[in-house]
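# Residue-level structural notes
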Amino acid sequence: MSANKETLAKTLGIVLAVCLVCAVIVSGSAVGLRPLQEHNAAVDKQSNILEAAGLLEVANGDIAGTYATYIEEKFVDLATGEYVEKESGYDMYKAARDHAQSIKPEPDTAGILRRPNVASVYIVKDDAGAISRLILPIHGSGLWNVMYGLLALDTDFNTVEQLVYYDQKETPGLGGEVQNPKWKALWPGKKLFENGKLAIEVKKNAGTDDPYAVDALSGATLTSKGVQNTLEYWLSAEGYGPFLTNLKRG
């Protein structure tokens, strides 16, 4: 009996020692890889913004350099539409999870649960330093989950230059086609507002001649509706509406 107890104790000791060693290795790897993970996340974010800016091919692999040259991040108080100061590293999506830095949309047409009080916007400049585009981060629910995108506008703040969805979990071949280059190519040149009111529609059989309509995704009614709801919310008075009004007033 004594021998059995000693054997059991030794076995447990070995198991605990192995678990401890594995835990140390995993923890050390996580800590060691964190800077690389953060770097990759930053490059991925910058790449998405450069795509919306129409500069991804210009970058020719130099993502960070091109971003630093042509992109300026600013922060907007969505309630007033005015620029505000934020510390470096501010994340509007993390802020949305903090009740002290966000509000609950009423009504929540985009299905986002909470909206940050302050949002990031990205000013795109040309070689002469003049503003060439404005990029607005947007997000809203599709069929399965929240879809994250970037809406790039011309300097009239009404004409779409790009709509780029970079994070979505929609059905491949259906709602997932929001990332299809053919569907993204339908957006440049479309108009958002007519006589001061939001007029853009994502609908079936929109064709190409209507400047206020984009063809819905085939077989993905709820995803298409999600895109529509997202635009309606973020371009409203609860979203970037006050900011765009301020810009149009100069």
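About the cut-offs
Residues numbered from 1 in each chain as written. Predicted model: local features only at pLDDT ≥ 70, side-chain atom pairs only at ≥ 80, totals over all residues. Heavy atoms only, no water. Helix = DSSP H or I, 4+ residues; strand = E, 2+ residues; numbered from the N terminus. Core = buried A, V, L, I, M, F, W, Y, C linked by side-chain atoms within 4.5 Å. Buried < 20%, exposed > 50% of the residue type's maximum accessible area, 1.4 Å probe, protein only. Contact = heavy atoms within 4.5 Å. Pairing = 2+ DSSP bridges. Axes fitted to C-alpha atoms, helices over the stretch in contact; angles between N-to-C directions. 1 Å grid on protein atoms, 1.4 Å probe; cavity = no way out; pocket = protein on both sides within 12 Å on 5 of 7 lines; lining within 4 Å. Points joined across faces, edges and corners; volume = space filled by probe spheres on them. Nonpolar A, V, L, I, M, F, W, Y, C, P; charged D, E, K, R; others polar. Arc of directions from axis to C-beta. Polar contact = N/O pair within 3.5 Å; in protein donor to acceptor, adjacent residues only side chain to side chain.

Time to look at the environment of E85. Locating E85 in the fold gives a position in the loop between strand 2 (82–84) and helix 4 (92–96). The spacing of E85 and L136 is 51 residues in sequence and 17 Å in space, taken between C-alpha atoms.

What follows is about the nonpolar core. Ranked by size, the top nonpolar core spans 41 residues in total, and within it L136, L151, W187, V227, Y240 and L244 carry the most contacts. Secondary structure elements with two or more residues in this core: strand 1 (71–77), helix 4, strand 5 (118–125), strand 6 (131–141), strand 7 (146–153), strand 8 (160–167), helix 6 (221–234) and helix 7 (241–248). Each residue touching Y240, except ones within four places of it in the same chain, is listed here: L78, M92, A119, S120, V121, L136, P137, I138 and W234. Grouped together as the second largest cluster of nonpolar side chains are 16 residues, I49, A52, Y70 and Y122 included.

Ordered in space as 2-1-5-6-7-8, the six strands form an open sheet in which the pairing is antiparallel. A single partner strand is all that each edge strand has here, and the edge strands are strand 2 and strand 8. For this sheet, the mean inter-axis angle between neighbouring strands, taken without regard to orientation, is 35°. Pairing between strand 1 and strand 5: seven bridges, direction antiparallel. In the sheet register, E72 faces strand 5, and the bridge partner there is I123. Those strands touched by helix 3 (residues 63–70) are strand 1 and strand 5, and its axis lies near 60° from that of strand 1. Strands strand 1, strand 2, strand 5, strand 6 and strand 7 of the sheet are contacted by helix 7, whose axis makes an angle of about 165° with strand 6.

Looking now at unusual backbone geometry. For the bond running from E106 to P107, omega is -5°, close enough to zero to count as cis. Residue position: P107 is located in the loop between strand 3 (102–103) and strand 4 (115–116). The backbone of N60 sits at a positive phi, close to 50°, despite the residue not being glycine. With respect to the secondary-structure elements, N60 resides in the loop between helix 2 (56–59) and helix 3. For N60, a relative accessible area of 70% gives the class exposed. Within the chain, N205 stands out as a residue other than glycine whose phi angle is a positive 55°. For N205, the location among the structural elements is in the loop between strand 11 (201–203) and strand 12 (213–215). Its relative accessible area of 76% is what places N205 among the exposed residues.

A separate point is the layout of surface pockets. The computed volume of the second largest pocket comes to approximately 200 Å³. Every residue lining the second largest pocket is counted, 13 residues in all, and those nearest its centre are K203, K204, A216, L217 and S224. If you list the elements that add at least two residues to the lining of the second largest pocket, you get strand 11 and helix 6. Sort the elements by how many residues they give to the lining of the second largest pocket and helix 6 lands first, with four residues. Here the lining of the second largest pocket is composed, by residue class, of three nonpolar, six polar and four charged.

Turning our eyes to something else, we now look at helix 3. Of the positions making up helix 3, those classed as buried are I63, T66, Y67 and Y70. Down the axis of helix 3, the buried set is contained in an arc of 100°. They therefore lie on one face. More than 90 degrees from the buried face of helix 3, the exposed residues found are A68 and T69.

With that out of the way, let us pick up the pairing of strand 8. Pairing between strand 7 and strand 8: six bridges, direction antiparallel. By the bridge assignment, L153 is partnered in strand 8 with V160.

In this fold, Q168 is placed in the loop between strand 8 and helix 5 (181–184). Looking at Q168, the relative accessible area reads 16%, which means it is buried. Only 2.7 Å separates the side chain of Q168 from the backbone nitrogen of E170, close enough to count as a polar contact. In terms of polar contacts, Q168 uses its side chain to reach the side chain of Q179, at 2.8 Å. Dropping the residues within four chain positions of it, Q168 is found in contact with V146, M147, G176, V178 and Q179.

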